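Per-entry structural report
Here are the chains, one letter per residue:
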Amino acid sequence: MASISLRNVHKAYQGNSPVVRRVDLDIDAHEFCVFLGPSGCGKSTLLRMIAGLEGITSGELSIDGKVVNDVHPSKRNVAMVFQNYALYPHMSVYENMAFALRQAKLDGAVIDRKVRQAAAALQLDQLLSRKPAALSGGQRQRVAIGRAIVREPGVFLFDEPLSNLDAALRVQTRTEISRLHREFNQASAVYVTHDQTEAMALADKIVLLHAGADMEREGSIAQVGSPLDLYHRPKNRFVAGFIGSPRMNFVRGNVVEAHADGVHLRLPGGEMLAAAVDGRSIRAGAEATLGIRPEHLALAGGETKVQIIRAQARLIERFGECTYLHAGLAEQADAHVVAKLSGDVNVERGRPVALWAPPHACHVFDSNGLALPRLAGTEHAQLAERSA
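**Observations concerning the sheet that holds strand S4 (residues 58-63)**
Overall, antiparallel pairing links the four strands, which are arranged S2-S1-S4-S5 in an open sheet. Each end of this open sheet is capped by a strand with a single partner; those strands are strand S2 (20-27) and strand S5 (66-67). By the bridge criterion, five bridges tie strand S1 (residues 4-11) to S2 in an arrangement that is antiparallel. Each bridged residue has a counterpart across the sheet, and for Leu 6 the counterpart in S2 is Leu 25. Of the strands in this sheet, S1, S2 and S4 touch helix H1 (residues 43-51), which is tilted by about 120° from S1.

If you want it as structure tokens, here you go:
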């Protein structure tokens, strides 16, 4: 097992803007940490710096308390699983998994025991004599994982290992990776993905990295926390919009009242909505953005007059267990919201709808995109309101 520490780590290629900026991060032993973010945010570069495959421009990287900035990859006690598997095509599954152990000159009986133990855990024990060309994509990925497991490293590194698999295999292999980490929990794991569903399913800790139009933030950390921290308490609009599928709805408004125990916003259509957030950092009259997740919106009953967003149904997507309602907002021709409703909901395209937005499910972001702190207990309150 090994912990990882990064202190003010920075990476820039000569003549180009930095790809990793001011990263301060601690990853505990046994922890499954996911680097998440859109393409170009620096997550794979950060992983490769931990592996020793990329140099660090400035800052300090430690593994298990030892600074490893200048330590060769082979001496870092890490094992990496690549996106493209990186298997030797002329070797059998057994030989691929045993290769690093033979290079380390381990005893043959020890090598055989380690390979067969890992193969059994990965359900590869019937495939040990096959060459990679005779395996499916999912089987090849399991061989790559097995090759890392037999080395018993302090840190497992995964660089988008599921991106070459089809949807069903991604789910199956993701489940296997989670199971294996629990079974072989002597090691830390660092996993890179752009898929927030993978991150939410696997991570103990998510590190979400900035990318996009804001060049001053690109490659820096947007937020670190558990999956539910980022889901329920995003620090800014970038985090709120990246975590969750469908993404969080954002509606422009103006602050009418702001207090320690709540904020009232007026939307362009005239609707007044309360949000259970701490409003001491914002003033009445300021521009702000309401945020609410699709699953927290519901069709309002005819008697409901408050906490509603008036809209018009534009598109209905029915998936059996749920229905996605895409609705245009009154007084905002270019704006719309998505509501995730029950599968048997009765709503017609082109008809006006009123969507109920419970206060404890509402987020508020100031003009800089920063989230106002949510009040304690809001997650529990919104669950109660949703089930009522």
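Structure shown, so let's carry the discussion forward.
**Some thoughts on helix H4 (residues 137-149)**
The end-to-end C-alpha distance of H4 is 18 Å, a good match for the 18 Å that 13 residues give at a rise of 1.5 Å each. Among the residues of H4, those classed as buried are Gly 138, Gln 139, Gln 141, Arg 142, Val 143, Ala 144, Ile 145, Gly 146, Arg 147, Ala 148 and Ile 149. Where H4 is buried, its residues contact strand S6 (78-81), helix H2 (93-103), helix H3 (108-121), strand S7 (155-159) and helix H5 (167-183).

**As for the packing of aromatic side chains**
Applying the stated criterion across every chain yields a total of eight aromatic pairs. With a centroid separation of 6.4 Å and an interplanar angle of 15°, the aromatic rings of Phe 32 and Phe 158 are classed as stacked. Here Phe 158 lies in strand S7 and Phe 32 lies in strand S3 (residues 32-36), a separation of 126 residues in the sequence. What makes Phe 32 buried here is its relative accessible area of 2%. Using a relative accessible area of 5% as the deciding quantity, one classes Phe 158 as buried. Centre to centre, the rings of Phe 319 and Tyr 324 are 5.2 Å apart; their planes meet at 65°, and the pair counts as edge-to-face. With a relative accessible area of 17%, Tyr 324 lands in the buried category. What links up through ring pairs into an aromatic cluster is the set Phe 32, Phe 156, Phe 158 and Tyr 191.

**Remarks on the nonpolar core**
The biggest cluster of nonpolar side chains holds 48 residues, and the ones touching the most others in it are Met 97 and Val 115. Apart from the residues within four sequence positions on either side, Val 115 is in contact with Tyr 94, Met 97, Ala 98, Leu 101, Leu 128 and Val 150. Of all hydrophobic cores here, the second largest spans 33 residues; its members include Leu 267, Ala 275, Ala 327 and Ala 357.

**What to know about the pattern of salt bridges**
A complete count under the given rule lists nine salt bridges for this structure. Taking the shortest distance from any N to any O, the salt bridge between Glu 54 and Arg 48 comes out at 3.6 Å. Judged by its relative accessible area of 26%, Arg 48 falls in the partly exposed class. With a closest N to O distance of 2.8 Å, Lys 114 and Glu 152 form a salt bridge. Of the two residues, Lys 114 is situated in helix H3 and Glu 152 in the loop between H4 and S7; the sequence distance between them amounts to 38 residues.

**Points about the packing of H2 against H3**
Running from N to C, H2 and H3 cross one another at 135°; their axes reach a closest spacing of 10 Å. The orientation of H2 relative to H3 falls into the category oblique. Two packed elements cross with a definite hand, and for H2 against H3 that hand is right-handed. Residues Tyr 94, Met 97, Ala 98, Leu 101 and Arg 102 of H2 form the contact with H3, whose participating residues are Ile 111, Asp 112, Lys 114, Val 115, Arg 116, Ala 118 and Ala 119. Of the residues contributing to the contact of H2 with H3, the split by class is eight nonpolar, no polar and four charged.

**Section: the environment of Gly 301**
Structurally, Gly 301 can be placed in the loop between strand S15 (298-299) and strand S16 (308-318). Spatially, the C-alpha atoms of Gly 301 and Val 224 are 39 Å apart, while their sequence positions differ by 77 residues.

**Looking at unusual backbone geometry**
The linkage connecting Ser 245 with the following residue, Pro 246, adopts the cis geometry, with an omega of -5°. Within the fold, Pro 246 resides in the loop between helix H8 (237-242) and strand S11 (249-259). Even without a glycine there, the phi angle at Asp 64 is positive, about 55°. If you trace the backbone, Asp 64 turns up in the loop between S4 and S5. With relative accessibility at 52%, the residue Asp 64 sits in the exposed group. One non-glycine residue, Glu 160, lies in positive phi territory at about 45°. Relative to the elements of secondary structure, Glu 160 occurs in the loop between S7 and H5. By relative accessible area, which is 13% here, Glu 160 ends up buried.

Cut-offs used in this document
Residues numbered from 1 in each chain as written. Predicted model: local features only at pLDDT ≥ 70, side-chain atom pairs only at ≥ 80, totals over all residues. Heavy atoms only, no water. Pairing = 2+ DSSP bridges. Helix = DSSP H or I, 4+ residues; strand = E, 2+ residues; numbered from the N terminus. Contact = heavy atoms within 4.5 Å. Axes fitted to C-alpha atoms, helices over the stretch in contact; angles between N-to-C directions. Expected span 1.5 Å × (residues − 1). Buried < 20%, exposed > 50% of the residue type's maximum accessible area, 1.4 Å probe, protein only. Phe/Tyr/Trp six-rings, centres within 6.5 Å; stacked < 30°, edge-to-face > 60°. Core = buried A, V, L, I, M, F, W, Y, C linked by side-chain atoms within 4.5 Å. Salt bridge = Lys/Arg side-chain N within 4 Å of Asp/Glu carboxyl O. Parallel < 35°, antiparallel > 145°, perpendicular 65-115°, else oblique. Left-handed = near helix turned anticlockwise from the far one by under 90°. Nonpolar A, V, L, I, M, F, W, Y, C, P; charged D, E, K, R; others polar.

Read these as geometric descriptors, not functional statements.
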